[in-house]
Amino acid sequence: MSNLKEFNIDGTIYKTEIPESVANRKKWERPNPNHIKSFIPGTIVEIFVKEGQEIKEGECLMILQAMKMKNKILMPFDGIIEKINVRVDEKVPNRLVMLEIKA
Amino acid sequence: MSLKRNILDLRKRKEKVLQGGGEKAIQKQVAMGKLTARERITSIVDEDSFHEYDMFVEHEARDFGMEKKQLHGDGVIIGTGTIYGQPVCLFAQDFTVAGGSLGLMHARKITKIMDHALKMRVPLIGINDSGGARIQEGVNSLAGYGEIFFRNTLASGVIPQLSVILGPCAGGAVYSPALTDFVFVVENISKMFITGPEVIKTVLGEEISMEELGGAKVHSEITGNAHFYAQNELECFEQIKKLLTYIPWHNEKKARPFPPKPPKAEYKIEEIVPHDPTQPYDIRNVIRAISDDSDFFEVMEGFARNIVIGFGRMNGETIGFVANQPLVLAGVLDCDSSDKAARFIRYCDAFNIPIVTLEDMPGYLPGVDQEHAGVIRHGAKILYAYSEATVPKITVIVRKAYGGGYIAMNSRHMKADFMFAWPTAEIAVMGPEGAANIIFRKEIMGAEDPDAMRKEKVAEYKEKFANPYVAAAKGYIDTVIEPEETRKMLLHSLEVSMNKVDRRPSKKHGIPPF
């Protein structure tokens, strides 16, 4: 028995091995409503907005093409485009903050 | 005229097919550390027992120049043989013939031997070594896969189905192994994935090798797709043969009994388990202390190690062991360990193998990741599998049996046939520390020295509930036994359960939380 570590379950400390998958667990973070993230890896094929622009809820901000589908990225609420973090033709991974917005 | 000429002609034809994809392709196969498809089959079955069918099958593709190509056996070998004298059906994809690619006739050969295995009620062993769908044959090759998957499902729970991954097995092809009972992988040889490194690189820009993406280690340690991991093909074949000694040939039979043997003297049950419930030990040694000849054939050794599953024997009969492993993550249940145990329990139940559960677990793994990964529906699989199982089910509570875990791990309430507990068992809603903090919250908060008061209250709770006697007083535990008596009690209860009848409401099928 090697690599024994302390592991807390309901206030009791157990001596046990902790596999990497558990030792390296990512801390949960509350999602930021002002961040528009990619929901699938793909390519930005068009961007319709500029930084500083005022946009109404439901307007199309950009097209994210993935798996041969052109996905419209829509404004979730009335607000302003604060920052655009991607360019046209850029390949983006999943969960990348593509746009930062503000109500 | 004698028959000689016809016989010589037949021999010549066979000889040609036996060359597979030819000398060059075979050399390439060998250079990769792989045996040829026929060598693999003959290494698994009893000597001279293999008989091949459909040797002269040829493909009917007429597009993309396929009409000019002759593919021996259409890239797959099917046949029957025996293992330890018992009949089996086998197929082996031949990578030397068109990369073992699957076309219509290739698939038809596989489904033929599958139908045969199911009809004859004998195990099916499939050796996968294929580049995937034969693209020139278009939808015909997809149809072929579909027909295989359907038969895998049909045969599931009727005959044992073993998948041996000895090469690439990519794209849709992976679903046949995934539908079978046991998947065997070999270091550096097995490669399984849905989308390969090339696609991942194009779409995501992520660079990863086949081995890192879907190699033997990955599937035996991370994904849980594989059940047995071997360093080389010969070790893999030994594992296959060993597994077959523990399982019955079909679902209306029992596994063959072996001569009973006592456990080895070196496994001293009282010395394996520490008294302090927070100290670890290897639960597999407890299994070895009670099983015949201290034999334990572990399944999914590298995946979700916080639960241990596998086969052993008691009084010569195959037993499925399910045990929490305090050595890893204190033996908690989580998404992966629930999946691992639940499927094994269903396997044992389908194939008439009694289940012995050894319990020592402090609860479920806490964490947002676990909750969001669906530990509720994953955890529910264990409850479902144990409740559903009608084979003899016996539980021994070694130390901790807290909360939902106590219920899940084949408790009386899931209709365990026999519930035994060691005097070290702690059967309670939660661990003493957590429980005391809730029950005595006011006293602890209001005390001059909260820490001292907490200690006092924890001790009070331990004294009252951290034992097997409260549960025994309700009849939830049948008897509290000395560790030394464990094997004796198990042998007796298994004997008593031999003709167990447990009829359930008739239904088409349940709806387990898949």
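Keep in mind that what you see is a predicted model, and the values were worked out from it rather than measured. (Residues numbered from 1 in each chain as written. Chains lettered and ligands numbered in written order. Predicted model: local features only at pLDDT ≥ 70, side-chain atom pairs only at ≥ 80, totals over all residues.)

A. Broad picture of the nonpolar core. Counting residues in each nonpolar core, the largest one holds 141 residues, and the members touching the most others are Phe184(B), Ile240(B) and Ile345(B). Ile44(A), Ile55(A), Leu61(A) and Leu64(A) belong to the second-largest nonpolar core, a separate cluster that totals 12 residues. (Core = buried A, V, L, I, M, F, W, Y, C linked by C-beta atoms within 7 Å. Buried ≥ 20, exposed ≤ 12 C-beta atoms within 10 Å, placed from the backbone.)

B. Quick look at the UniProt feature "domain: CoA carboxyltransferase N-terminal" (unreviewed entry) in chain B. In the numbering used here, UniProt assigns the "domain: CoA carboxyltransferase N-terminal" (unreviewed entry) feature to residues 2-259 of chain B. With 41% helix and 17% strand, residues 2-259 of chain B has its two end C-alpha atoms placed 54 Å apart. (UniProt positions renumbered as here; feature names shortened; annotations may be inferred. Helix = DSSP H or I, 4+ residues; strand = E, 2+ residues; numbered from the N terminus.)

C. Here's a closer look at the environment of Ala107(B). All names here are of chain B. In this structure, Ala107 sits in helix α4 (residues 104-120). With 40 residues separating them along the chain, Ala107 and Glu147 place their C-alpha atoms 7.8 Å apart. Every residue in contact with Ala107, bar those within four places of it in the chain, is listed here: Leu102, Gly144, Tyr145, Glu147 and Ile148. (Contact = placed C-beta atoms within 7 Å.)

D. Highlighting the sheet that holds strand β3 (residues 86-93) of chain B. Residues and elements named next belong to chain B. The seven strands are arranged β1-β2-β3-β4-β5-β7-β9 in an open sheet whose pairing can be described as mixed. The outermost strands of the open sheet, each flanked by one partner alone, are β1 (51-53) and β9 (228-230). Pairs of neighbouring strands in the sheet enclose a mean axial angle of 20°, with direction left out of account. Both strand β7 (residues 182-186) and β9 contribute to a ladder of three bridges, which runs parallel. By the bridge assignment, Val186 is partnered in β9 with Ala230. Across the sheet, helix α10 (residues 233-246) lies against β2 (76-83), β4 (124-128), β5 (161-165), β7 and β9, angled at about 160° from β7, the strand it touches most. (Pairing = 2+ DSSP bridges. Axes fitted to C-alpha atoms, helices over the stretch in contact; angles between N-to-C directions.)

E. Quick peek at the interface of chain A and chain B. Counting from both sides, the interface comprises 20 residues of chain A and, opposite them, 23 residues of chain B. Sorting the residues of the side of chain A that touches chain B by element identifies β1 (4-9) and β2 (12-17) of chain A as the ones contributing at least two each. In terms of residue count, the dominant contributor to the side of chain A that touches chain B is β2(A) (six residues). In terms of residue class, the side of chain A that touches chain B is made up of 12 nonpolar, three polar and five charged. (Nonpolar A, V, L, I, M, F, W, Y, C, P; charged D, E, K, R; others polar.)

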